[in-house]
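# Structure at a glance
Chain by chain, the residues:
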Amino acid sequence: MATLEIDNLHAEVAEDGGETILRGVDLEVRSDEIHALMGPNGSGKSTLAKIIAGHPAYEVTGGDVWLHLDGDEFDEEIPEDMQTWDLLDLEPNERAALGIFLGFQYPAEIEGVTMVNFLRTALNAKLEEREELFEDEDEAEAEDDEEEDAGYETSPMEGPADEGEIGVAEFQQILQEKMEQLDMDEKFANRYLNAGFSGGEKKQNEVLQAAILEPSIAVLDEIDSGLDIDRLQDVSNGINALRDEQGAGILQITHYQRILDYVEPDHVHVMLDGQIAQSGGPELAEKLEDEGYDWVREEAYEAA
Amino acid sequence: MSSDQDHLKETDTEARFEFKKEEKSAFETGKGLTEETIRVISEDKDEPEWMLERRLRALKQFQQMPMPDGWPGAPDLSEVDIDQIVPYIRPDIETRGGADSWEDLPEEIQDTFDKLGIPEAEKNALSGVGAQYESEIVYQNMQEQWEEKGVIFCDMDKAVQEHEEIVKEHFMTKCVPPSDNKFAALHGAVWSGGSFVYVPEDTTVEMPVQAYFRMNSEGMGQFEHTLIIAEENSEVHYIEGCSAPKYSAFNLHSGGVEVFVGEGAHVQYSTVQNWSKNTYNLNTKRAIAEADGTMEWVSGSMGSKATMLYPATILKGPGATDNHITIAFAGEGQNIDTGAKVYHNAPDTKSTIESKSISKDGGRTNYRGLVHIADGAENSSTSVECDALMFDNDSTSDTMPYMEIQEQKVDVAHEATVGKIGDEDVFYLQSRGLDDDDAKQMIVAGFIEPITEELPIEYAVELNRLIELEMEGSLG
């Protein structure tokens with residue numbers, strides 16, 4: 001079980017004289033919950049997503065982002081002093097190791113790196129980093145000494161060592177299973193990461209990665225844009241499975257009601273000018289669909 | 001991957017390439033280059049008179065030719081002083097031209113190659129390995145089945161003795177004459193060791209032929225010659241690996257490679273080189289392809305202070321094909337000037353050049369290429385693609401493609417891209433759990449994938465590890 005707690009978050013673009021984008025965001029997403037984050041273009045939704053994941057282009061000027069963990073993925077008790085993490089102090093890969101996942105609106109295309117190689121490397125890196133984060137310092141030192149004495153084992157001519165906790169064969173099976181669930185062609189496994197993928201394939205791939213990396217909190221940035229109706233259903237099924245089967249908390253950024261017909265949110269938030277201006281249940285999304293954002297703006301500024 | 005393990009792996013690789021042995025040689029010429037030196041080398045090798053004459057003629061040419069000069073962006077060679085180079089060192093082994101078995105080699109040499117993994121390659125039943133230590137091939141082995149087919153694989157010095165007629169006809173005559181350039185002339189004068197590969201007509205050598213060259217002594221030059229002759233409709237893949245440890249004085253590597261691709265024959269020449277940061281790597285490599293022959297060059301150039309290397313193919317017969325895949329990596333203080341040359345001298349010839357370069361910490365990579373399509377080389381086509389990847393704003397990458405097209409009915413394409421390692425790409429991989437270093441390494445590994453997929457797995461792994469080592473320090 002995990003909770004992502006965002007408290008009065010302020011942020012600007014990291015370069016000199018950068019524009020202020022977030023002006024005090026408060027939000028809490030728990031495991032098993034689906035939150036929809038809506039709002040007009042330029043209101044700060046994508047920036048919030050990137051800051052949660054640790055993107056270096058933004059500078060946090062105030063507020064906090066906490067991750068509270070009650071148990072790990074096997075629901076084993078985590079020691080009390082390691083339950084709360086200040087995400088802003090951590091590198092992006094450390095955040096990933098603790099269970100934060102960002103589904104990108106425009107994922108990078110990496111030529112020459114096959115999906116299967118990338119995903120296995122990422123999963124093993126995550127598992128290893130996680131272990132290190134939870135290891136106390138004495139243990140870490142003891143292990144360091146041990147590793148130093150272990151010496152060198154592989155020769156350059158022997159070929160790649162099968163590094164990591166999850167071996168090639170085991171991973172193939174995991175991947176195949178997840179791809180079947182998402183109705184993805186198995187030849188994807190040997191294609192280069194996102195290279196030459198259609199918009200829909202890229203989105204499907206983001207959900208596939210989330211399914212494999214098993215995050216506790218998944219932030220999905222406009223995962224529904226550019227999808228035809230069949231793909232939208234596949235992607236939605238994938239997102240529902242993240243919650244229903246893996247117990248992930250979902251923060252889904254979207255412009256449209258459309259995806260919310262398939263992925264029903266527990267909570268809907270409207271972002272305006274870098275703040276959460278309105279929160280409610282699924283009915284809020286429907287109202288936005290019918291009436292647009294103007295009324296939210298009016299209410300927000302009247303209140304102010 | 002944890003940073004601890006990373007450290008281990010790097011140390012591991014570093015230890016493997018940077019160790020050096022105390023010099024223990026049977027014979028060396030001493031520094032400098034005179035007619036007397038050449039005579040001594042030739043005599044020590046017990047060479048026929050014609051070879052001595054060729055060496056002396058080449059020496060004269062070397063002395064008369066100017067250093068390459070006035071090339072835009074070319075490496076600075078002012079430090080290359082041939083009088084400071086020891087051109088010839090024979091290691092201390094009893095048998096000239098290679099020990100018969102691994103165990104016969106002196107322990108220090110065994111140990112050196114052990115660290116480089118040569119015996120492991122053998123254990124993996126890779127067909128043949130010749131290993132050159134300093135100036136001589138010290139070990140080689142070839143499967144009997146090849147010998148039965150008439151395939152010859154031996155070191156070049158031995159070839160001069162045992163296959164004199166073939167060598168006399170092909171050695172630096174039609175393919176790489178000493179007059180080609182100053183360092184080809186130098187090579188012709190002082191060459192020593194290297195590989196000789198002869199594949200008879202209609203013979204396919206299924207497994208790659210391999211050689212490994214190691215320059216171990218300080219301030220020496222290495223001038224190995226590789227001569228590959230593939231007769232009509234034969235097929236062979238030759239692979240060469242090279243490395244040298246770091247010393248304070250500069251080293252010079254000036255190899256020569258000549259490849260004869262017979263009608264309908266197919267030769268692939270692959271090399272992964274890792275020279276120390278003070279080595280000047282100035283080579284001449286050329287192939288001549290007869291009708292319907294195919295020549296493929298695959299090269300990874302790591303290390304060296306400066307490299308000037310432009311493997312060339314002359315497409316002499318109609319329907320001949322040439323493919324070049326090259327990768328260069330330049331770090332701090334390094335200038336890797338490399339590319340390809342192709343001469344389309346017959347109709348229906350085809351060439352592709354794919355060049356990839358990576359530069360970081362102020363390193364400089366150049367692609368310097370020449371495609372010449374002669375008048376009458378109808379229906380020929382060429383495609384050149386150069387991609388450069390840079391780590392930072394201090395590094396430089398230039399593309400200098402020359403196209404000399406004298407025929408109308410041809411198809412010519414050139415494409416070049418230059419990019420920095422993208423912050424968004426790195427962030428994407430980090431958000432999936434990879435740390436900064438691993439993310440960059442993965443991007444670079446993907447960038448060079450077209451090269452690694454052409455190589456047997458051991459060399460691909462080696463190349464990836466070398467690049468990891470090169471990237472150390474620029475990261476984190």
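Computed from a prediction, not measured in an experiment: that's the story for all the values here. (Residues numbered from 1 in each chain as written. Chains lettered and ligands numbered in written order. Predicted model: local features only at pLDDT ≥ 70, side-chain atom pairs only at ≥ 80, totals over all residues. Heavy atoms only, no water.)

### Comments concerning the overall build of chain A
A count of helical and extended segments in chain A gives nine helices and ten strands. Per-residue burial over chain A gives 54% buried out of 304 residues. For chain A, restricting intrachain contacts to residue pairs at least 6 apart in sequence, the fraction spanning at least 24 positions comes to 72%. Accessible surface, chain A: about 14100 Å² in total, of which carbon and sulfur atoms supply 41%. (Helix = DSSP H or I, 4+ residues; strand = E, 2+ residues; numbered from the N terminus. Buried < 20%, exposed > 50% of the residue type's maximum accessible area, 1.4 Å probe, protein only. Contact = heavy atoms within 4.5 Å. Areas by Shrake-Rupley, 256 points an atom, 1.4 Å probe, with all protein chains shown as cover.)

### Side note on the overall build of chain B
Assigned secondary structure in chain B consists of 13 helices and 25 strands. A burial count over chain B gives 64% of its 476 residues as buried. Across chain B, contacts joining residues at least 24 apart in sequence account for 83% of those joining residues at least 6 apart. Only carbon and sulfur atoms are counted for the fraction: they give 43% of the accessible area of chain B, which is about 16900 Å².

### So, the sheet that holds strand S7 (residues 217-221) of chain A
Residue and element names in this part refer to chain A. With mixed pairing, six strands are arranged side by side in an open sheet as S6-S7-S8-S3-S9-S10. Edge positions in the sheet fall to strand S6 (100-103) and strand S10 (275-280), since each of these pairs with one other strand and no more. Ignoring strand direction, the axes of neighbouring strands in this sheet form an average angle of 20 degrees. Bridge analysis of strand S3 (residues 34-38) against strand S9 (residues 267-272) gives four bridges, and the strand direction is parallel. Opposite Leu37, over in S9, you have His269 as the bridge partner. Against the sheet, helix H7 (residues 229-244) touches S3, S7 and strand S8 (249-253), its axis set at about 150 degrees to S8. (Pairing = 2+ DSSP bridges. Axes fitted to C-alpha atoms, helices over the stretch in contact; angles between N-to-C directions.)

### Some words on the pattern of salt bridges
Considering all chains together, one arrives at 18 salt bridges over all chains under this definition. Measuring nitrogen to oxygen at the nearest pair gives 3.3 Å for the salt bridge that ties B:Lys316 to B:Glu290. Taken together, the positions of B:Lys316 in the loop between strand S18 (312-315) and strand S19 (321-330) and B:Glu290 in the loop between strand S15 (284-289) and strand S16 (294-303) put the pair 26 residues apart, joining distant regions of the chain. With a relative accessible area of 27%, B:Glu290 lands in the partly exposed category. In this structure, the salt-bridge partner of B:Lys360 is B:Asp361, at a minimum N-O distance of 3.2 Å. Overall, B:Asp361 belongs to the partly exposed group, its relative accessible area being 29%. Linked through salt bridges whose partners overlap, the residues forming this network are A:Arg243, A:Asp244 and A:Asp266. (Salt bridge = Lys/Arg side-chain N within 4 Å of Asp/Glu carboxyl O.)

### A short note on the sheet that holds strand S1 (residues 2-13) of chain A
Hydrogen bonds between backbone groups are what pair the strands of a sheet, and the pairing can be parallel or antiparallel. All names here are of chain A. With antiparallel pairing, four strands are arranged side by side in an open sheet as S2-S1-S4-S5. Looking at which strands have only one partner, the edges of the open sheet turn out to be strand S2 (20-30) and strand S5 (84-86). The mean angle between the axes of side-by-side strands here comes to 5 degrees, regardless of whether they run parallel or antiparallel. Sheet topology places S1 next to S2; eight bridges connect them, and they run antiparallel. Paired with His10 across the two strands is Arg23, which belongs to S2.

### Observations regarding the environment of B:Lys420
Residues and elements named next belong to chain B. Within the element layout of this structure, Lys420 appears in strand S25 (residues 410-420). In this structure Lys420 comes out as partly exposed when scored by relative accessible area, which is 45%. Taking the C-alpha atoms as reference, Lys420 lies 9.9 Å from Lys360; in sequence the two are 60 residues apart. Excluding residues within four positions of it along the chain, Lys420 makes contact with Leu389, Met390, Phe391, Asp392 and Asn393.

### Some points on the nonpolar core
Ranked by internal contacts, the top residues of the largest apolar core, which has 118 residues, are A:Leu4, A:Leu48, B:Ile358 and B:Leu429. The element that contributes the greatest number of residues to this core is helix H3 (residues 115-134) of chain A, accounting for nine residues. Excluding residues within four positions of it along the chain, B:Leu429 makes contact with A:Ile110, A:Phe118, A:Leu193, B:Leu434, B:Ala439, B:Met442 and B:Ile443. Of all hydrophobic cores here, the second largest spans 33 residues; its members include B:Trp146, B:Val209, B:Ala230 and B:Val267. (Core = buried A, V, L, I, M, F, W, Y, C linked by side-chain atoms within 4.5 Å.)

### Some words on the packing of helix H3 (residues 49-64) of chain B against helix H9 (residues 182-190) of chain B
Residue and element names in this part refer to chain B. Direction vectors running N to C along H3 and H9 enclose 150 degrees, while the axes themselves pass 7 Å from each other. The pairing of H3 with H9 is recorded here as roughly antiparallel in orientation. For the crossing formed where H3 meets H9, the hand is left-handed. Residues Arg55, Ala58, Leu59, Gln61 and Phe62 of H3 touch H9, and the partners they reach there are Lys182, Ala185, Leu186, Gly188, Ala189 and Val190. Tallied by class, the residues present in the contact of H3 with H9 amount to seven nonpolar, two polar and two charged. (Parallel < 35°, antiparallel > 145°, perpendicular 65-115°, else oblique. Left-handed = near helix turned anticlockwise from the far one by under 90°. Nonpolar A, V, L, I, M, F, W, Y, C, P; charged D, E, K, R; others polar.)

### Some points on the packing of aromatic side chains
In total, this model carries eight aromatic pairs over all chains according to the counting rule given. Pairing B:Trp71 with B:Tyr310 gives two aromatic rings, centres 6.0 Å apart and planes at 45 degrees, and the pair type is tilted. With a gap of 239 residues between them, B:Trp71 in the loop between H3 and strand S2 (89-91) and B:Tyr310 in the loop between strand S17 (306-309) and S18 connect regions that are remote in the sequence. Ring geometry for B:Phe171 and B:Trp191: centres 4.9 Å apart, planes at 45 degrees, overall tilted. Of the two residues, B:Phe171 sits in the loop between helix H8 (164-170) and H9 while B:Trp191 sits in the loop between H9 and strand S6 (194-199), which places them 20 residues apart along the sequence. Taken individually, B:Phe171 and B:Trp191 each receive the classification buried, so the pair is uniform in this respect. Every member of this aromatic cluster is reached through a ring pair, and the members are A:Phe104, B:Phe427 and B:Tyr428. (Phe/Tyr/Trp six-rings, centres within 6.5 Å; stacked < 30°, edge-to-face > 60°.)

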